[in-house]
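Spelled out from the first residue to the last, the chains are:
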Amino acid sequence: METPAQFFSTPIYYVNAKPHLGHAYTTIATDVATRFKQMDGYDTYFLTGTDEHGDKIVQAADKEQQSPREYVDKISRLFQDLWPRLNVANNQFIRTTQPDHIRVVEQLLTRIHDQGDIYFSSYEGLYCFGCERFYQERELVDGKCPDHGVAPSAIKESNYFFKMSRYQDWLIDHIKAHPGFIHPKQYETEILSFLKEPLEDLCISRPKSRLTWGITLPFDENFVTYVWFDALTNYISALGYPDGPLFKKFWPSARHFVAKDIIKPHGIYWPIMLKAAGIDIYNGLNVHGFWNVSGSKMSKSIGNVTDPVAVTDRYGVDAFRYFLMREMVFGLDANFTEDVLVSRINSDLANDLGNLFSRVLSMNLKYFKGRVPDPNGADFPDLSLETDAQTTIQQFKNAMTAYEFHKGVEAVWGLVSRMNKYIDTHEPWGLAKDPRQHPRLESVIGNLLEGLRTVACLIYPVMPETSTKMLRGLCMILPETGFFPLKEIGKWGQMSAGACLEKPDSLFPRVDVPKKPKN
RNA sequence: GGCGACGUAGCUCAGUUGGUCAGAGCAUGCGGCUCAUAUCCGCAGAGUCCGGGGUUCAAGUCCCUGCGUCGCUACCA
């Protein structure tokens, strides 16, 4: 049987500011999904990158007295350097200023232009010379430009337009015929409701008199292409469209992760562009919500733009990744607060998981000098955790397959909790006092070790470092991939009997919280 | 204005297709254990599931309506 392929992407991030919490979340979520699919037996490809053309880039570069090229190199570098620090294992980092990307954009534009879905037309609008842009009536304040306080002038400009309206009915049918194309469902509803209104055609160019930092239209050298034909095309240019082996293997298995602010370009423009170009439509869109910080929207003026580097430096990468996946219901908004992060670290990671790992291994050390009990020793069906583990694996798989990361994490913690109860119920310290009970004690410890192995395997997508640390502590020999395939995890008795386990370091030290004085 | 989301225990929030759905975690109180990172386990409390109406044998769960919070309203040519 052929290995199924799965392509995941993040948006390419616009390099007009440095990376923040939102970028980190999208990218980590995509990384988690990728790692999970690998465990589930897929060949995966994970793409991220930066979007580097356009007006705002030129302005930002001017402000820093740099050329656009210098400027985009600098900011793009910040993104490229961030991902390894967050344990994000992307296969490729694409930049829209790369020649091979530019070539594909040109090809795509040519193709769609040749078949007649791009036309030239003039537009008359309200233009502010200070801002160098057109305004919609509703954007004006008392009929004046909000930045300059000057009434804009009515001027005429000609541009190229993409005939999206032609494909509106097709898109509606496509969405309805492919459940899950836009996930979660509430965003599909949203897109379909947009599509109830007639689509207007998309302006895809800017005259070079106004903007030169872009890709020149292949059919008119006086214009550059604007935003979406440049940015969205990255998803296929990165794979080497039209003939590259990656493209042949991974297209159209793409699922694009995006935040809810860019569902329209991804849910409407992009499928229509593909359709017009005669390219297969991507598999689907995974849309997530926004992170608020301490209860308010992230913004520069409030000063709560959260820097992922600062958080991970302080609390660790795995704790950060865990928090993001556990705390946000995929698709809904969530709140990021340092208090809540610390509370999650202390209760879930230190008290539940870390302490469980520690108590089991120290009992094994105390009662059996660290030797792993023989799985073929005495069998006590009433002591088996195998069914619990298998149930957990199934729940985990179901949740992760549906991109419900918080549920996947919860399923694993359900097992952690059951193991803590199990210890209390069977009181190994009581069994240890009676030599006749030693076979039972061995079975209890053996089951707990197997349970820990299961947990260690399952947390791999979310917390790869901790997974490895735990598996090493359990003397499991890691496959070269760094993880155990999902379908192999449930098999009981995989620990090597007789291996000698040492007392490990704490997985997650508690974070001291100064008690708040009452009142 | 239009469209959409949300409004569930002190706090943060889960609740696919209507029928153990009145929940989890945290916080709080009491009790238990000692293997463990002063960790773990048990028990307890509170909520008219925003208000009102409707459909149904049965509704946080569907429909209508009111209130509150938030987001989008694109092609910024």
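Note: the structure precedes this text.
The shown structure was predicted, so the numbers you read here are calculated from the model rather than taken from an experiment. (Residues numbered from 1 in each chain as written. Chains lettered and ligands numbered in written order. Predicted model: local features only at pLDDT ≥ 70, side-chain atom pairs only at ≥ 80, totals over all residues. Heavy atoms only, no water.)

Participant: Residue-level account of helix α11 (residues 308-315), with values.
Facilitator: Among the residues of α11, P308, V311, T312 and Y315 are the ones counted as buried. Down the axis of α11, the sector holding all buried residues measures 90 degrees, keeping them to one side. Residues D313 and R314 are exposed on α11 and point more than 90 degrees away from its buried face. Residue D307 occupies the N-cap position of α11, its side-chain oxygen lying 2.9 Å from the main-chain nitrogen of V309. Within two residues after α11, G316 carries a phi angle of roughly 100 degrees, on the positive side. (Buried < 20%, exposed > 50% of the residue type's maximum accessible area, 1.4 Å probe, protein only. Helix = DSSP H or I, 4+ residues; strand = E, 2+ residues; numbered from the N terminus. Arc of directions from axis to C-beta. Polar contact = N/O pair within 3.5 Å; in protein donor to acceptor, adjacent residues only side chain to side chain.)

Participant: Got a sec to walk through the nonpolar core? Specific residues and values, please.
Facilitator: Core analysis: the biggest nonpolar cluster contains 102 residues, and M325, L353 and F405 have the highest contact counts within it. In terms of residue count, helix α13 (residues 338-368) provides more of this core than any other element does, twelve residues in total. Contact partners of M325, with chain neighbours within four places excluded, come to Y25, I28, A29, V32, F405, H406, V409 and V462. Ranked by size, the runner-up nonpolar core spans 58 residues in total, among them M164, Y187, F223 and A231. (Core = buried A, V, L, I, M, F, W, Y, C linked by side-chain atoms within 4.5 Å. Contact = heavy atoms within 4.5 Å.)

Participant: Go over the environment of W228 with me, naming the residues and quoting the values.
Facilitator: Along the chain, the position of W228 falls in helix α7 (residues 228-231). Accessibility expressed as a relative area gives 24% for W228, which makes it partly exposed. Sequence spacing of W228 and H266 is 38 residues, and the spatial spacing of their C-alpha atoms is 9.3 Å. Setting aside residues up to four positions removed in sequence, W228 forms contacts with T233, I262, P265, Y269 and M273.

Participant: Quick rundown of the pairing of strand β13 (residues 284-288)? Include the residues and the values.
Facilitator: For β13, the tally of buried residues reaches five of five residues, placing the bulk of the element in the interior. Here β13 shows no split at all, with G284, N286 and H288 on one side and L285 and V287 on the other all buried. With two bridges joining them, strand β7 (residues 182-183) and β13 adopt parallel strand pairing. If you follow I182 over to β13, its bridge partner there is L285. (Pairing = 2+ DSSP bridges.)

Participant: Now, about the packing of α11 against α13: what can you tell me, with residues and values included?
Facilitator: Between α11 and α13, whose axes approach to 13 Å, the crossing angle comes to 35 degrees. When you trace α11 past α13, the crossing you get is right-handed. Residues V311, R314 and Y315 of α11 pack against E338, L341, V342 and I345 of α13. Grouping the amino acids of the contact of α11 with α13 by side-chain chemistry returns five nonpolar, no polar and two charged. (Axes fitted to C-alpha atoms, helices over the stretch in contact; angles between N-to-C directions. Left-handed = near helix turned anticlockwise from the far one by under 90°. Nonpolar A, V, L, I, M, F, W, Y, C, P; charged D, E, K, R; others polar.)

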